[in-house]
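Single-letter residue listing:
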Amino acid sequence: MALQSVDNGAEMTDRFSRLEERLERLEKKERSWRRGFVALSGVMALFILVAAGPPEIPSVLKARSFQVIGNNDKPVMLLQANNSGGLVMVMNEAGKPVVLAGATPAGGVLGISDTAGAPIGLFEATSVGGAISTRNASGVPVAQLGARPDGGALVLNTNKGYNAAVVRSSAKGGLVDVNGPTGKRIFAVLGTETGGGLILLDSASVARITATCGEKSGILSLYRPTGVMRWQAPGPGLPGQGN
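Chemist: Is there a simple way to explain the overall build of the chain in this structure?
Modeler: Counting its regular elements, the chain contains 1 helix and 17 strands. The buried share of the chain, reckoned over its 243 residues, is 14%. Of the contacts formed within the chain by residues at least 6 apart in sequence, a portion of 0% connects residues at least 24 apart. About 17,400 Å² of surface is accessible on the chain, with carbon and sulfur atoms providing 63% of the total.

The structure is reproduced here in structure tokens:
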């Protein structure tokens, strides 16, 4: 019995040894298969990518509105359609519109605003050409430059919005108006068919002094507050006539 027990023990040891050898061979085969599978997968993936080519890029993106969102999840740019065409709006980080560009019935418009979103500059197309206007911090228009049917014009305003000075063209030449604090004209220089002219007005906008060039000489006239002429010099070297 003792000898049989020894033989059985040796037989079991031999079986375990053979089993370990099989397991080791299986593990080697599994590692080899796994490496082969990984390599084959890589080759197949590369083949698929090459066969597929670069990702398709759409030639046209269509939408009625696009928004670009900033780091604070607020819109910083807006593209959309309006009744006249397209509109682009740029906002600051606080969400206030600071730049506006779009189509209008007359053409195009470009507007600039301050950090609070209040308009301070405008460049736009009009029915007769282009126009530029600026506003002060209170939103009052203080300067305008634009085209007119007979030329161009420049208007300078006070902080209250009254016209302080106007320069414009006309069919007869140029015209410069200087106004009082309430926007009433008090001085004017203008071109005429026969030369130049000068007008001085009182606070009631009544002409008190005029000087013009005639066909043969200059004419200087003085007027009463009622507008009635008081004195006139018909030309250089000639005595004036008064009433």
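Chemist: Mind showing me how you'd approach the pairing of strand β6 (residues 119-126) here?
Modeler: Successive residues of a regular strand alternate their side chains across the two faces of the sheet. Bridge count for strand β5 (residues 107-113) against β6 is 5 bridges, and the pairing is antiparallel. Among the inter-strand pairings, V109 is bridged to a residue of β6, identified as E124. As consecutive antiparallel partners, β5 and β6 are separated by 5 residues, and within that stretch G117 has a phi angle of approximately 90°, a positive value. Pairing analysis gives 6 bridges linking β6 to strand β7 (residues 129-135), with the strands arranged antiparallel. Along β7, the bridge assignment pairs F123 with I132.

Chemist: Just to check I follow, could you spell out the pattern of salt bridges for this structure?
Modeler: Close approach of charged atoms lets side chains of opposite charge pair. In total, this model carries 4 salt bridges according to the counting rule given. A salt bridge links D150 to R148, with the nearest nitrogen and oxygen atoms 2.6 Å apart. Among the salt bridges present, the one from R168 reaches D177, with a minimum N-O distance of 3.2 Å. Of the residues examined, D177 reaches a relative accessible area of 7% and is grouped as buried.

Parameters and conventions
Residues numbered from 1 in each chain as written. Predicted model: local features only at pLDDT ≥ 70, side-chain atom pairs only at ≥ 80, totals over all residues. Heavy atoms only, no water. Helix = DSSP H or I, 4+ residues; strand = E, 2+ residues; numbered from the N terminus. Buried < 20%, exposed > 50% of the residue type's maximum accessible area, 1.4 Å probe, protein only. Contact = heavy atoms within 4.5 Å. Areas by Shrake-Rupley, 256 points an atom, 1.4 Å probe, with all protein chains shown as cover. Pairing = 2+ DSSP bridges. Salt bridge = Lys/Arg side-chain N within 4 Å of Asp/Glu carboxyl O.

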